[in-house]
Structure formats: structure tokens, C-alpha cells
Amino acid sequence: QIPLKYGASREGKRTDAAMQRWRENRFGQFIHFGLYSLAGGHWNGKYVEGAAEWIKGNARISDEDYEALTRQFVLPEFDAREWARIAKEMGVKYSVITTKHHEGFCLWPSEYTDYDVSRTPFGRDLLKEYVDAYTQEGIDVYFYYSIIDWNHPDWRSRVETVEDSLAFFRYCDFMNKQITELMTRYPEVKGFWFDGTWDKSVVKFGKITWDIEQLMHRLNPGIICGSRLRVDEKGARHFDTNGKLMGDYEQGWERSLPEKAPQNDWECVMTIPENQWGYQADWRGHIKSATEIIEMLAAATSMNGNFVLNFGPKGDGSLREEEKQMARKVGKWMQLNGEAIYGCVQAPLKPQKWGYYTRHRDNGFVYMVVCYQPVSGMLKVVLPTGSVIENCVVLGKEGMELKPEKSTKNEFVIPAPEVKDGFPYVIRLKLKEGDSVGNYVAPKV
Ligand SMILES: COc1ccc([C@@H]2N[C@@H](C)[C@@H](O)[C@H]2O)cc1
């Protein structure tokens, strides 16, 4: 353990109500919306390779041509209540919106820059309409904020000269003012999702991320912030030089899931296509199905993690058809099976090949989210010695009890119900605890 001034500011899992609510939410939505949404991954009529929200660099667009997009920011189809209704239908409990992505354009009328919604034909406070509409639907709101800012004259990706450092520290002052503005103007915000902290300038001056964390906690002690914000004074990111997580959860799971349950709280953020966050009119490659998304959500819950699915609204402010379809299908599944996700955690049972176990924090049930239907027609369950299955039903068919058969000393098999709709199904177990249900210890990460 080396002494650190700007390492982890607190240790271990938070036990306060705000963090407990973050955990119980489990399922979230990401919204990537900005000037890049107008380009839709195309420039001068041509498809542009790479992530659509990075089109400025990918298509080598000049500052002037990119800024001209502000004049096209009209959003004739924008209705935050429609976005919130679709999010509610999908079953998400929280939503993270890009208040400012790397491009530097702000979705709220900021006092500290003109590069924001107030300087567009749209002109309204989009962020306020989003916060109000989602709060109305009972969905918690979180703000994505990019430290990288391609538009701001004082942003520096590296600091090599005195001039650089003067500019960079002016930029940090600007950032602190914007974060203060966001937290005081929109007090409903539950947390921040920082991005763009990998550049040399931030890694060299890790203290600026400590300062942001301290600022946020002064303004709202219950604020929730992931580990991607943080760099310690030695340049260590996410985990400080002593290996301690900096922030409230591991925020490194971007388009990937862990193999085993991390020790810390953690969150996975996921795209529907392979790698598009902002609107790309022409999705290419594999587009994940609702079934695949549901499996990822179950997998995350089974490992004590949250799962956030990204939407990239179109340049006219409407949601794309594929995302509305996704919301409908996932939402239908969540209506029937949400009790296996919301408020659930890892179950102390030996993982099996048919899918994922979850356990509800309070109701004492264990859930089997079956994603891989066994050819044998038998679902294997290994219980701690002496435990028995008191009740076993399929969610949505609670009237039809399944009869587990004991196969070896503490192994049971459950006849697998038929799969007709191409979606995972959930079996709910009421276990009569034997000498100790909890004696299966999840493998150390
Ligand atoms: C250098 O690799 C990346 C990958 C993704 C990102 C951003 N994080 C995601 C949440 C999106 O905002 C993407 O633009 C930035 C840099």
C-alpha cells in the first residue's frame, strides 16, 4: 500500500439507499444524441466507417462544417415524453443521456458555452424536457458527460507546454462550472457517467478527476459515479495504484460482460449493432436480437451487475424503428419475467449450462433464466446438501407446477417446458433450505 492523496476516496460497496436503488434498478437505457445524430454516420452522401458519434474525425470534417450542423438541429419529431414512454415500455428503471459527448455540443442551455441547444433552431432546453418526461415515468436519470471536448479551445489531449497547462486548467474550470450547472439546474440527476478520460492530459493530472468527485459529493452526497472518471496521481485508472476501485461501480464493461461475478458493483453498457452509439442510418454487421439482449441482462443480474442498452435517436428527434421494436419485445418479456431481474442478485448455486440463476434479495425465490434448451429435455439443478425444491413453476404459468426428480445425492432434474416463442423462459424455485443454501461460494474473480 503506497500513500496516495488522490486514490480511492472510499472503500468497499456503498450501502446507502441511493446506491441500493441503483442496484435494484438493474436494467437501464443509454441515449446517445447530439449533432452527430444529424449526420447519421454518413457525410457527403457516403457511408462513413467507424462509430457514428465519432464521425467528425472519421470523415475528417472541418470545425466549420461540423458546427454548421447546429443550424440543422431542428428536431421536428422530438418528443421527450415519447422517448420516456418507450423506455418505460422496455422496462428500464434508469436512463443515461449524453449531455455533452466528445463533440462538445451541449443538450442544455449552458451559461459557459454558446455550443448548445439554445443556439439552434430547436432552441429549447432538451435536457430539461428529457429529465421531466423520464422522471414523470418513474425512470431515474443519469448524465453522461465527456471530459474530452473537441470544440472547446482550451481542451488539450496532452499538456506539453506552459501554454498547454494554462489552457487545460482553464478547461478544467469550465468543466467544474458545467458539472455544477448540471447538478443545480437538474437536481433530479441521480449520477454521472463520465467518458473520455484516457487522454494523456487527464492521466497526467489525475487530481482534476479527484476534484470533480469532491465537487459532486459536496453538491449531492448521494450522487453515483462510476470508475471511468477517476485517475490517481500515478496515472492509474478505474483502480488506484493500490488496486482499490475509485468510484461507486466498475464502469469498464463497455460492449462486454465479465466471465465471472466481479467483487465490486459493476455495469455493462451495450449497443444493438456491433459498435454504434450515435445514430447510424445504415446498421451493418450483426444486429442483436431481443433474445440476445435478454440473455445479457440475465447474465449481468446473475453476476450482481447492471445492464444498460443503448438507443441512438435519429436527427429529427424520433426513435428508429428497430429500437422501438426492441423496446416492445424486451418490454413484453420484462412484464412477465421482470421479477427475476429487478432487485435480484447472484444466487449461491453452482452455475449450469442452460442459463443463469438469479436470487431475489427479499422474496426468497431463486430464478432459473433458461437460455439454452437442453436436448435431453432435462434441466439440471445442483443444490447444497440437504436442500429440496418445495415449489417449481414457470413464470406466466404459475398454475402448472413442474415436478423435479432427484437424480443423485444433491442433483435434481426438472423437465424443461417447451419453447415456442424463441425467448428465454424463467422457472421460479422455492427452496427449502437444507443445512445451508449458501454453502456454494461463487468462485473468486
Ligand atoms: C477509443 O475507444 C472508444 C470507444 C468508445 C468510446 C465512447 N464510449 C461509449 C459509451 C460511446 O460514447 C463511445 O463514443 C470512446 C472511445
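Here the structure is shown first, and the text comes after it.
Draft legend 1. Representation of helix 5 (residues 80-90). Taken together, the buried positions of helix 5 are Ala80, Trp83, Ala84, Ile86, Ala87 and Met90. Down the axis, helix 5 shows its buried residues gathered within 160° of arc, on one side only. The inward-facing, buried residues of helix 5 abut strand 1 (27-31), strand 4 (94-100), helix 6 (126-136), strand 10 (305-311) and helix 11 (321-337). Of the residues trailing helix 5, Gly91 is marked for its positive phi of about 95°.

Draft legend 2. Spatial organisation of the pairing of strand 18 (residues 411-415). Pairing between strand 14 (residues 378-382) and strand 18: five bridges, direction antiparallel. Looking at the pairing, Leu379 lines up with Ile414 of strand 18. Looking at chain direction, strand 17 (residues 405-408) and strand 18 are connected through three bridges and run antiparallel. Residue Glu405 lies in a different strand from strand 18, and its bridge partner there is Val413.

Draft legend 3. Quick peek at the nonpolar core. Judged by nonpolar contacts, the single largest core of 99 residues is most densely connected at Phe73, Leu126, Phe192, Phe194, Met216 and Phe307. For Met216, the residues in contact, after removing those within four places along its chain, are Ile179, Met183, Phe192, Phe194, Ile223, Cys225 and Leu229. Membership of the second largest hydrophobic core comes to 20 residues, among which are Leu379, Ile389, Leu402 and Ile427.

Draft legend 4. Looking closely at the pattern of salt bridges. Scanning the model with the defined rule gives 32 salt bridges in all. Across the pair Arg428 and Glu339 runs a salt bridge whose closest N-O atoms are separated by 3.3 Å. On the criterion of sequence distance, the pair formed by Arg428 in strand 19 (residues 425-432) and Glu339 in the loop between helix 11 and strand 11 (344-345) is long-range, its members being 89 residues apart. We classify Arg428 as buried; its relative accessible area is 15%. You can call Glu339 partly exposed: its relative accessible area is 29%. Within the structure, one salt-bridge network assembled from shared partners comprises Arg10, Arg14, Asp16 and Asp248.

Draft legend 5. Summary view of the sheet that holds strand 17. Across the sheet, which stays open at both edges, the three strands sit in the order 14-18-17 with antiparallel pairing between neighbours. In the strand order of this sheet, the two ends are held by strand 14 and strand 17, each with one partner. Across the sheet, the axes of successive neighbouring strands diverge by a mean angle of 35°, strand direction being ignored.

Draft legend 6. Focus on the packing of helix 5 against helix 11. Two elements in contact, helix 5 and helix 11, have axes whose closest approach is 6 Å; the angle formed by their N-to-C orientations is 40°. Between helix 5 and helix 11, the crossing angle belongs to the class labelled oblique. Residues Ile86, Glu89 and Met90 of helix 5 lie in contact with helix 11, whose contacting residues are Lys324, Ala327, Arg328, Val330, Gly331 and Met334. The residue inventory of the contact of helix 5 with helix 11, partitioned by class, reads five nonpolar, one polar and three charged.

Draft legend 7. Spatial organisation of the side chain of Gln352. Tracing the chain through its elements places Gln352 in the loop between strand 11 and strand 12 (355-360). Overall, Gln352 belongs to the buried group, its relative accessible area being 14%. Looking at Gln352, its side chain comes within polar contact range of the main-chain oxygen of Lys350, at 3.4 Å.

Draft legend 8. The arrangement of the sheet that holds strand 19 in detail. Judged by pairing direction, the sheet is antiparallel, and its six strands sit side by side in the order 11-12-13-19-15-16 without closing on themselves. Since the sheet does not close on itself, it has two edges, and those belong to strand 11 and strand 16 (397-401), each with one partner.

Draft legend 9. Geometry of the environment of Pro348. Mapped onto the elements of the fold, Pro348 is located in the loop between strand 11 and strand 12. By relative accessible area, Pro348 is classed as buried at 19%. It is 18 Å that separates the C-alpha atoms of Pro348 and Asn391, two residues lying 43 residues apart in sequence.

Draft legend 10. Quick look at the site of the ligand. With respect to spatial proximity, the complete set of residues near the ligand consists of His32, Glu53, Trp54, His101, His102, Tyr144, Trp193, Asp195, Trp198, Arg228, Glu254 and Trp277. Here a nitrogen atom of the ligand sits 3.3 Å away from a polar atom, N or O, in the side chain of Glu254. Contact with the protein chains removes 75% of the 400 Å² of surface that the ligand exposes when unbound. Class assignment of the residues belonging to the shell around the ligand gives a composition of five nonpolar, three polar and four charged.

Draft legend 11. Spatial organisation of unusual backbone geometry. Of note, the phi angle at Arg26 is positive, near 60°, even though the residue is not glycine. Mapped onto the secondary structure, Arg26 falls in the loop between helix 1 (17-25) and strand 1. On the basis of relative accessibility, which here comes to 2%, the residue Arg26 falls in the buried class. Phi angles above zero are rare outside glycine, and Arg60 is one such case at about 50°. Locating Arg60 in the fold gives a position in the loop between helix 3 (55-58) and helix 4 (63-67). Classification of Arg60 as exposed rests on a relative accessible area of 72%.

Draft legend 12. Main features of the environment of Gly40. You can see Gly40 is positioned in the loop between helix 2 (36-39) and strand 2 (42-43). When the C-alpha positions of Gly40 and Gly315 are compared, they lie 7.0 Å apart, and in sequence the two are 275 residues distant. Apart from residues lying up to four places away in sequence, Gly40 is in contact with Tyr279, Gln280 and Ala281.

The rules behind each value
Residues numbered from 1 in each chain as written. Predicted model: local features only at pLDDT ≥ 70, side-chain atom pairs only at ≥ 80, totals over all residues. Heavy atoms only, no water. Buried < 20%, exposed > 50% of the residue type's maximum accessible area, 1.4 Å probe, protein only. Helix = DSSP H or I, 4+ residues; strand = E, 2+ residues; numbered from the N terminus. Arc of directions from axis to C-beta. Contact = heavy atoms within 4.5 Å. Pairing = 2+ DSSP bridges. Core = buried A, V, L, I, M, F, W, Y, C linked by side-chain atoms within 4.5 Å. Salt bridge = Lys/Arg side-chain N within 4 Å of Asp/Glu carboxyl O. Axes fitted to C-alpha atoms, helices over the stretch in contact; angles between N-to-C directions. Parallel < 35°, antiparallel > 145°, perpendicular 65-115°, else oblique. Nonpolar A, V, L, I, M, F, W, Y, C, P; charged D, E, K, R; others polar. Polar contact = N/O pair within 3.5 Å; in protein donor to acceptor, adjacent residues only side chain to side chain. Near = heavy atom within 4 Å. Areas by Shrake-Rupley, 256 points an atom, 1.4 Å probe, with all protein chains shown as cover.

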